[in-house]
Amino acid sequence: MNLAVLFSGGKDSTYAIFQAKKMGHDVKCLVTIITMSAESHLLHYPNINATKIQASAMKIPQIFLESKSDDTQNEIELIKQGLFQAKKDYLIEGIVHGGIISEFQKNKFEKIANDLGLKVISPLWKKDQKMYMTELLDSGFEFLISSISCDGLDASWIGKIITKDNLAELIQKSEKSKFNLSFEGGEAETFIINCPIFSNPIKIIEYEKFWDGYRGRFEILEAKLNNNAR
């Protein structure tokens, strides 16, 4: 089936592409909405412009739309607009949703798809979070934490690349502080720097870190494909 992906550049939407391809689907394009701020309940905020490099690494065309409001209904209309364009330009028959546990997001995306006559593929839905995070790393996905907004994670985790070595510590912290290990409750967001469906890994050349004592983000200022890595 020809599919579009609601793409944020994080681990979930990228891994959902990987899984959809393994299922035999053809991912025709990415649909990315640039949100106004981190207050969005539907969409990913940090480093959204850097998804252009990820799209290049996957060799998948990308549709970009920019939101002027944090209002959920406005964002829904933009997603509809992007998917309508994908249906017209790339003849998509369905969309890939990378959600794991958020009923709110899943219901919204399914309603949008239904309105457009599209099917929904949700390859990560209800996966066990520990198993999922382990599976990600075992599959060769490399990602860093691009934002934090929860108890239990301090400034030292901003920009940290999650590995098998520090996953156990992350699991302990999630159990102690009661945040979702997969971060789907908004506790943190991620950015993929390498994975099996990238032609080359992403090299981050310049960045800034921000921390206010509770929240923080890792802002990519310059990045490129590392053509010497493969």
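Residues numbered from 1 in each chain as written. Predicted model: local features only at pLDDT ≥ 70, side-chain atom pairs only at ≥ 80, totals over all residues. Heavy atoms only, no water.

Trainee: Would you mind showing me how to read unusual backbone geometry here?
Mentor: Glycine aside, the phi torsion of most residues is negative, and most peptide linkages are trans. Even without being a glycine, L91 presents a positive backbone phi close to 55°. Inspection of the secondary structure puts L91 in the loop between α3 (72–90) and β4 (94–96). On the accessibility criterion, L91 (59% relative accessible area) is exposed. The phi torsion at K178 lies on the positive side, around 65°, for a residue other than glycine. Tracing the backbone shows K178 in the loop between α6 (164–177) and β7 (188–194). The class for K178 is exposed, based on a relative accessible area of 71%. (Helix = DSSP H or I, 4+ residues; strand = E, 2+ residues; numbered from the N terminus. Buried < 20%, exposed > 50% of the residue type's maximum accessible area, 1.4 Å probe, protein only.)

Trainee: Mind showing me how you'd approach the pairing of strand β8 (residues 202–211) here?
Mentor: The side chains of a regular strand alternate between both faces of the sheet. Pairing geometry for β8 and strand β9 (residues 215–225), over 9 bridges, is antiparallel. Bridged to E208 within β9 is E219. Linkage of β8 to β9, two consecutive antiparallel strands, is achieved through a turn of 3 residues, within which G213 is found at a positive phi near 105°. (Pairing = 2+ DSSP bridges.)

Trainee: Could you clarify how one ought to interpret the sheet that holds β9 in this entry?
Mentor: Paired through their backbone hydrogen bonds, the strands of a sheet run either parallel or antiparallel. Spatially, the 4 strands line up as an open sheet ordered β7-β6-β9-β8, and their pairing is antiparallel. Of all strands in the sheet, those bounded by a partner on one side alone are β7 and β8. Averaged over all pairs of adjacent strands, the angle between their axes in this sheet comes to 25°, without regard to strand direction. Docked against the sheet, helix α2 (residues 51–58) engages β7, β8 and β9, running at close to 45° with respect to β9. (Axes fitted to C-alpha atoms, helices over the stretch in contact; angles between N-to-C directions. Contact = heavy atoms within 4.5 Å.)

Trainee: Quick question: what am I supposed to make of the packing of aromatic side chains here?
Mentor: One pass over the full model with this rule turns up 6 aromatic pairs. With 5.6 Å between their ring centres and 35° between their planes, Y15 and F18 make a pair best called tilted. Of this pair, Y15 and F18 both sit in helix α1 (residues 11–22), 3 residues apart, roughly one helical turn. Residue Y15 is classed as buried on the basis of its relative accessible area, which comes to 1%. You can call F18 buried: its relative accessible area is 13%. Note on Y207 and F218: the rings are 4.7 Å apart at their centroids and 25° apart in plane angle, and the pair reads as stacked. One end of the pair, Y207, is in strand β8; the other, F218, is in strand β9, with 11 residues separating them in the sequence. Using a relative accessible area of 43% as the deciding quantity, one classes Y207 as partly exposed. Since its relative accessible area comes to 4%, F218 is described here as buried. The ring of F64 carries the charged tip of K52 above its face, separated from the ring centre by 5.1 Å. In this structure, K106 is placed above the aromatic ring of W125, and the distance from its NZ or CZ to the ring centre is 5.0 Å. (Phe/Tyr/Trp six-rings, centres within 6.5 Å; stacked < 30°, edge-to-face > 60°. Lys NZ or Arg CZ within 6 Å of the ring centre and 35° of its normal.)

Trainee: Is there a simple way to think about the nonpolar core in this case?
Mentor: Soluble globular proteins: nonpolar side chains tend toward being buried together. The biggest cluster of nonpolar side chains holds 52 residues, and the ones touching the most others in it are I17, L30, M58, M133, I148, L153 and L170. With 5 residues, the top contributor of residues to this core is α1. Among residues more than four places away in sequence, those in contact with L153 are I148, L170, K173, F179, F183 and W211. In terms of nonpolar packing, the next biggest core, distinct from the first, is built from 19 residues, I33, I79, I92 and L118 among them. (Core = buried A, V, L, I, M, F, W, Y, C linked by side-chain atoms within 4.5 Å.)

Trainee: Can you walk me through helix α5 (residues 129–138) in this structure?
Mentor: Quick reminder: α-helices carry 3.6 residues per turn. Residues three or four places apart thus point the same way. Of the residues making up α5, those classed as buried are Q129, Y132, M133, L136 and L137. Taken end-on, α5 shows its buried residues confined to a sector of 130°, consistent with a single buried face. Facing away from the buried side of α5, by more than 90 degrees, are the exposed residues M131 and D138. Buried residues along α5 sit in contact with α1, β6 (142–149) and α6. (Arc of directions from axis to C-beta.)

Trainee: Before we go on, may I ask you to explain the packing of α5 against α6 in this structure?
Mentor: Describing two packed helices takes the angle between their axes plus the distance from one axis to the other. For the pair α5 and α6, the least separation of the axes is 11 Å and the interaxial angle reads 165°. The orientation of α5 with respect to α6, classified from their angle, is roughly antiparallel. Along this stretch, α5 crosses α6, giving a crossing that reads as right-handed. Contacts between α5 and α6 involve K130, M133, T134, L137 and D138 on the former and, on the latter, K164, L167, L170, I171 and E175. When grouped by side-chain class, the residues that make up the contact of α5 with α6 number 5 nonpolar, 1 polar and 4 charged. (Parallel < 35°, antiparallel > 145°, perpendicular 65-115°, else oblique. Left-handed = near helix turned anticlockwise from the far one by under 90°. Nonpolar A, V, L, I, M, F, W, Y, C, P; charged D, E, K, R; others polar.)

Distances and angles like these do not, on their own, reveal function.
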